[in-house]
Amino acid sequence: MIGKNIIKKEEVPGVIVKETLEEFSQDYELNYEQNVTLNHLARFPKFSAEDAEKIIDELETKIGLRHKVAVHIVDLIPQDLSDLRLIFAKEPTQVSKEEMEQILEILDQYFVEE
């Protein structure tokens, strides 16, 4: 474990975690958990860090989503309404079909398949 005290708890997009681990690995050796995390994050297509922040901001302002949910959407990159329904299954607030379609449109603006 890197630290002993929790200073702040915040949801962070996977792309930012990946960049942080890559920067950290240039100066220090990664432990097992950090290596597993970095390998996992490298396997999936993601947005750039700037795009991820823009998407999260759009989802929070235009749709009114909580930060935690917006981060999950950016990390999971849902492809259709059924994927989005799974993300919102345990959320206390309900999101309409129109809002879910708007979420998918926002993601399509930024996502480029490799």
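For the structure, see preceding data.
Note that the coordinates shown come from a computational prediction; the quantities given were computed from them, not determined experimentally.

On to helix 4 (residues 67–76). Among all positions of helix 4, only V69, A70, V71, I73 and V74 are buried. Turning to helix 4, the residues buried within the fold contact helix 3 (49–63), helix 5 (81–88) and helix 6 (97–110). After helix 4 finishes, the residue I77 shows a positive phi value of roughly 45°.

A few words on the environment of V69. Within the secondary structure layout, V69 lies in helix 4. According to the relative accessible area criterion, V69 is buried, its value standing at 3%. Distance in space between the C-alpha atoms of V69 and E11 is 9.1 Å, their sequence separation being 58 residues. When near neighbours in sequence (up to four residues on either side) are disregarded, V69 contacts I87, F88 and E91.

Next up on the list: the packing of helix 4 against helix 5. Where helix 4 contacts helix 5, the axes come no closer than 11 Å and their chain directions differ by 140°. The angle between helix 4 and helix 5 places the two elements in the oblique class. The way helix 4 lies across helix 5 gives a crossing that is right-handed. Mapping the contact onto sequence places V69, I73 and L76 in helix 4 and L84, I87 and F88 in helix 5.

Rules and cut-offs
Residues numbered from 1 in each chain as written. Predicted model: local features only at pLDDT ≥ 70, side-chain atom pairs only at ≥ 80, totals over all residues. Heavy atoms only, no water. Buried < 20%, exposed > 50% of the residue type's maximum accessible area, 1.4 Å probe, protein only. Helix = DSSP H or I, 4+ residues; strand = E, 2+ residues; numbered from the N terminus. Contact = heavy atoms within 4.5 Å. Axes fitted to C-alpha atoms, helices over the stretch in contact; angles between N-to-C directions. Parallel < 35°, antiparallel > 145°, perpendicular 65-115°, else oblique. Left-handed = near helix turned anticlockwise from the far one by under 90°.

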